[in-house]
Amino acid sequence: MMDYPKRLIEVDLPIKRISAHARREKSIRHGHISTLHIWWARRPLAACRAVICAALWPDPADPLCPESFRQAARTWMRQWAANHLTLLEAESLKRFLGYQKDPGKLDDNEELRCALLDFIADFANWDNSTRWEYLQTARALTQTAHEALGGLPGTRPLVVDPFAGGGAIPLEALRVGADAFASDLNPVAVLLNKVVLEYIPKYGQQLADEVRKWGEWVKKEAEKELAEFYPKDPDGATPIAYLWARTIRCEGPGCGAEVPLIRSLWLAKKGNRSVALRLIPNRKEKRVDFEIIENARGRDVGEGTVRRGSATCPICGYTTPVASVRRQLKERRGGTADARLFCVVTTRPGQQGRFYRLPTERDLGAVKKAAAELERRQREHQGPLSLVPDEALPVMSGVFNAPIYGHDTWGSLFTPRQALAMLTLTRTLFKLREKLNGMLENGLEIAILCSLALTLNKVAERLTSLSRYDTSAKMSGIIGIFSGQRLPMVWDFGEGNPLLDRSSGWEQCLKWHLDVLSECSKLDLYCGNVIASSALAHPLSNDIANCVFTDPPYYNAVPYADLSDFFYVWLRRTIGNCYPDLFADPLTPKEEEICEMAGWDPDRYPHKDGKWFEQKMTQAMAEGWRILNPAGVGVVVFAHKSTDGWEAMLQAMIDAGWTITASWPIDTEMSTRLRARNSAALASSIHLVCRPRINSDGSGQTDNIGDWRDVLQELPRRIHDWLPRLAKEGVVGADAIFACLGPALEVFSRYSRVEKASGEVVTLKEYLEHVWAAVAREALGMIFEGADATGFEEDARLTAMWLWTLSTGPNGNSHTRNQLEFGLEAEERDDGEEASRPAKISGFVLEYDAARKIAQGLGAHLENLASLVEVKGETARLLPVAERSRYLFGKGTSQPGGRKKKQPVQMQIFGPGAGAKGEEGEAGEMPAFSPGATVLDRLHQSMLLFGTGRGEALKRFLVEEGAGRDPRLWRLAQALSALYPASSEEKRWVDGVLVRKKGLGF
Ligand SMILES: C[S@@+](CC[C@H](N)C(=O)[O-])C[C@H]1O[C@@H](n2cnc3c(N)ncnc32)[C@H](O)[C@@H]1O
Ligand SMILES: [Zn+2]
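Residues numbered from 1 in each chain as written. Chains lettered and ligands numbered in written order. Predicted model: local features only at pLDDT ≥ 70, side-chain atom pairs only at ≥ 80, totals over all residues. Heavy atoms only, no water.

A. Geometry of the nonpolar core. Core analysis: the biggest nonpolar cluster contains 302 residues, and W57, M77 and W802 have the highest contact counts within it. No other element matches the 19 residues that helix α8 (residues 187-226) contributes to this core. If near-sequence neighbours (up to four positions away) are discounted, W802 is found in contact with F844, V845, L846, A851, L862, V869, A876, R877 and L878. If you look at the next biggest cluster of nonpolar residues, it comprises 26 residues, including L277, L279, I293 and V301. (Core = buried A, V, L, I, M, F, W, Y, C linked by side-chain atoms within 4.5 Å. Buried < 20%, exposed > 50% of the residue type's maximum accessible area, 1.4 Å probe, protein only. Helix = DSSP H or I, 4+ residues; strand = E, 2+ residues; numbered from the N terminus. Contact = heavy atoms within 4.5 Å.)

As structure tokens, then:
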């Protein structure tokens, strides 16, 4: 191994605080690059910013840390203590007040480390991300660190992201004073990066001003052509949204009526406003008429006509099955051109709110006229590209379902009027290009056009027949086509007027864009480098990067290339010839895209399976390793969806020549919803910190063989040092397990391979089993606070460890059972595809593989614990205590009913009629039961007795039967009390038992 000073990120990182900022950032819209243009699965800037600082700055407490960096850091931190206390957050303030009183404190290097970490935590806050004081300090430290670590004076460290996507990482690199090199395979991503990393730094506010000016011009020009297709009402009201339903012919015997496909009849449902539709069967005309009900109440409002893809006829009641609905729509290419307009939403001058009316001849006439105009333009069109994109839109099972219904080109997603609006705006951009020709510097001209083309993309997202009308929104509320990362069929859709100043209109989209341009201009950034390139063959030369920080694609998480074709086909028509290289091909490049596609689309991507993904990722990691300077540092972000998946990713990194030195989970989900979905292990992204594995002479090393016994000896020591430190910071549970992987892997991955005495090579998989075991043992020691956990049977150890894994500490959201239920209930699908809607689950759920690893680490066997843990497929469920009552009390007892019914549990456990509440009135009919075999069983029995209000029985059980005389029962109760979620029954019950302890003389 090379000797180098550790970077801060290799020693510590305030992940709780950074995670909180990252979560909060998700709700920030104004000026955030995510509002420039959609990119799927963007990284929060907060996390990127903190990680880059901590990766570029050395740890002042490391013996090898250059003195010049320590001095500079000290000076800056003293300045903060002296001048900027008001800019610090409460958590940092205390420490810095101390420095203000006694600046000498910062002479201590460990203290200096804490100060820097505090600074990093506060800088992660979005509100501080443009504050000059923060920027100046961060940039000075970045520069000093770079020079101190051997960079040429006056140069900046180079941060490279070969999977740059929406540009979060390179933007943050520039922000903190590094140079950035961003590349992505995808031309749309490349354009986004160009705007942020090249155009904004180069043209600053001037770009924003020009884009505003020409954006307004575009609107005026387009309006001239389009206004007639969006007529106002004679009474002055303005239609802001048109609601459409696709239709089918009812296949009921002898019926044949036109059935509009509508998911829900509610039009507005917010506050005191509730408006709905009523369907009126018109038998004579064989169709459905509509009526609008104001002040609708729940019971007045019927069901929609379509459910999971099949359509029920309001006239004859027959349900036309999914297959026929598909066939019919397919024959009509999705049925957008002849969809039924059923409602027009308007606003009225001087009046608040929205109004709902049925369509009129005027509305229908405008639609017809638009269709005729579109046809005319298409007829007259000459040119290499079709006016409306005719590039193929492929079916991808479970992801792109709209094509099943006949939407087989990207252009087919637009109704004729929508397509006409898109063409007109596209043509206007073209005119602008001619107009600007020679007027401005060529680069600026292209930057303006690029911004406006991206703005048009934003309009496009909300101007399709897969864009829904949002009945709850405050604005005009058209939900864009990419509210998820797929293209499901949408039966009834909303069409906005693109010329209005509303969320779906040009002006509003322009505003979002301008906000970002202006906000980022303030940062005064150096120019970054952006190119289109595959990460599999990176254009940079060896050893050039000081930091490779990247967030690569993850298995089949997001089909970026296919999704982005939606935008690509329009960009190619608007600004394709400004970037001939980027837009040479009809669609985005797919061949080299690293994504596990085979499951979705075995026809186009038969070879792209999980193995292929892993191979390519190994190759990409090797490229990253190649361009990184031997003294540089790497950071790779992984989602940890399944332990398997990301064990393979770790393997890929080790195979590619990296050694892992730290790992940090940063929690980025806003709600508990996703987090709960796969229980313990989803919301966080793991940041793996790594270094090139090399000899001291700098050459790549291939033959450094580790001895398995040494590795196994060192492992528990590392975990023993690490876990309590994490706990002190509030990092517990799954987060802590993942944070332990870094140090654990450092022990293992510093070798090119580890061998047993027999010469057998130890696989990463085998090692990781040991890591989980070591973590479980260490955690258990913490849970029982020094008490010897081995005194408990396996069921108690497993229960404690299970609950600990699911806990998130005092600052996080602990996983209460209700949250788990909520998460697992989520995701609604309505396009008739087989939805794998997870069943409702109560109890404490872990991914099976994680549960198995934990159990194994504790010497427990899930197979023997069927009365405690239920395994079903991929998940393992620790049963709620109430569900164990039959097991614990024998046959005479009945299962308590669902928690939902809110029946008092005491009425249920011993069957109907048994037991009344309260000590005195306790009915004696208590079925005889024997004390459970293990401490946990006896504790659960006590908890259930308490929970059913059987105080006397509880006393008898604890005192006379002697269950309470075992001190382990109380120790376990104490431990579990700290682990059961605060709002759970178990928590209440175990505390109830504990309260009796003293009174009963234990
Ligand atoms: C997880 S995303 C990056 C997101 C980014 N960090 C952000 O915050 O927006 C992964 C990116 O990898 C890109 N990608 C996939 N295969 C690639 C390849 N072979 N070379 C370069 N980029 C690739 C995708 O286009 C996608 O933008
Ligand atoms: Zn019918």
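B. Structural context of the sheet that holds strand β13 (residues 355-357). Reading across the sheet, the four strands line up as β13-β12-β3-β16 and stay open at both edges, with antiparallel pairing between neighbours. Edge positions in the sheet fall to β13 and β16 (492-496), since each has one partner strand and no second. Strand-to-strand twist across the sheet, computed as the mean angle between neighbouring axes with direction ignored, equals 25 degrees. In the sheet, strand β3 (residues 238-245) pairs with strand β12 (residues 340-347) via seven bridges, with the strands oriented antiparallel. Opposite L243, over in β12, you have C343 as the bridge partner. Packing against the sheet, helix α10 (residues 361-380) makes contact with β3, β12 and β13, and its axis sits at approximately 110 degrees to β12. (Pairing = 2+ DSSP bridges. Axes fitted to C-alpha atoms, helices over the stretch in contact; angles between N-to-C directions.)

C. Seen up close, the site of ligand 1. Ligand 1 sits among 24 residues. The nearest are R43, G166, D184, A535 and D551. Between ligand 1 and the protein, one listed contact pairs an oxygen atom with a side-chain N or O atom of W39 at 3.1 Å. Within the backbone of G166, a nitrogen or oxygen atom sits 2.8 Å from an oxygen atom of ligand 1. For ligand 1, whose unbound accessible area comes to 600 Å², protein coverage reaches 99%. For the shell around ligand 1, the residue count by class is twelve nonpolar, six polar and six charged. (Near = heavy atom within 4 Å. Polar contact = N/O pair within 3.5 Å; in protein donor to acceptor, adjacent residues only side chain to side chain. Areas by Shrake-Rupley, 256 points an atom, 1.4 Å probe, with all protein chains shown as cover. Nonpolar A, V, L, I, M, F, W, Y, C, P; charged D, E, K, R; others polar.)

D. Spotlight on the packing of aromatic side chains. Applying the stated criterion across every chain yields a total of 36 aromatic pairs. Seen from their ring centres, W244 and F493 are 6.3 Å apart, and the 10 degrees between their planes marks the pair as stacked. In this pair, W244 is assigned in strand β3 and F493 in strand β16, connecting sequence segments 249 residues apart. For the pair W244 and F493, one class covers both residues: buried. Ring geometry for F929 against F957: centres 5.5 Å apart, planes inclined by 50 degrees, an arrangement best described as tilted. Linking F929 in the loop between α24 (885-889) and α25 (935-947) with F957 in helix α26 (residues 951-960), this pair joins segments that are 28 residues apart in sequence. F957 carries the same exposure label as F929, and that label is buried. (Phe/Tyr/Trp six-rings, centres within 6.5 Å; stacked < 30°, edge-to-face > 60°.)

E. The arrangement of the coordination of the zinc ion (ligand 2) in detail. Around the zinc ion (ligand 2), the protein supplies C250 (SG), C255 (SG), C313 (SG) and C316 (SG) as donor atoms, at distances of 2.2 to 2.3 Å. Coordination at the zinc ion (ligand 2) comes from four donor atoms whose angles at the metal span 101 to 114 degrees, giving a geometry best classed as tetrahedral. In primary-sequence terms, the residues that donate to the zinc ion (ligand 2) follow C-x4-C-x57-C-x2-C. Taking relative accessible area as the criterion, C316 reaches 39% and is therefore assigned partly exposed. (Donors = N, O, S within 2.8 Å, 3.2 Å for Na, K, Ca; no water. Tetrahedral: all angles 85-135°; square planar, octahedral: opposite > 155°, others 65-115°.)

F. Region of the structure containing the sheet that holds strand β11 (residues 319-320). Spatially, β9-β10-β11 is the arrangement adopted by the three strands of the open sheet, whose pairing is antiparallel. The open sheet terminates on both sides in strands that have one partner only, identified here as β9 (306-307) and β11. Direction of pairing for strand β10 (residues 310-312) relative to β11: antiparallel, over a ladder of two bridges. Its bridge partner lying in β11, A311 is registered against T320.

G. Local environment of unusual backbone geometry. For D524, which is not glycine, the phi dihedral falls at a positive 55 degrees. Overall, the relative accessible area of 56% leaves D524 in the exposed class. One non-glycine residue, Y555, adopts positive backbone phi at about 40 degrees. In this fold, Y555 is placed in the loop between β18 (545-550) and α14 (560-574). Judged by relative accessible area, Y555 falls into the buried class, the value being 10%.

H. Molecular detail of α25. Along its 13 residues, α25 runs 18 Å from first to last C-alpha, staying within 8% of the 18 Å computed at 1.5 Å per residue. In terms of residue burial, α25 counts as a mostly covered element, since twelve of its 13 residues are buried. Along α25, the residues that are buried comprise V935, L936, D937, R938, L939, H940, Q941, S942, M943, L944, L945 and G947. Its buried side turned inward, α25 meets α21 (794-806), α24, α26, α27 (967-979) and α28 (985-999). (Expected span 1.5 Å × (residues − 1).)

I. Examining helix α20 (residues 764-783) more closely. Between its terminal C-alpha atoms α20 stretches 28 Å, which fits the 28 Å expected from 20 residues at 1.5 Å a residue. Summarising burial for α20: 14 of the 20 residues are buried, a large majority. Positive phi shows up at E785, right after α20, with a value of about 40 degrees.

J. Structural view of the pairing of β18. Across the six residues that make up β18, a large majority, five, are buried. Here strand β1 (residues 158-161) runs beside β18; their pairing, made up of two bridges, is parallel. Bridge assignment links V160 to a residue of β18, and that residue is V548. Relative to strand β19 (residues 628-639), β18 runs parallel, the two being bridged by five bridges. Bridge pairing in β19 links V548 to G634.

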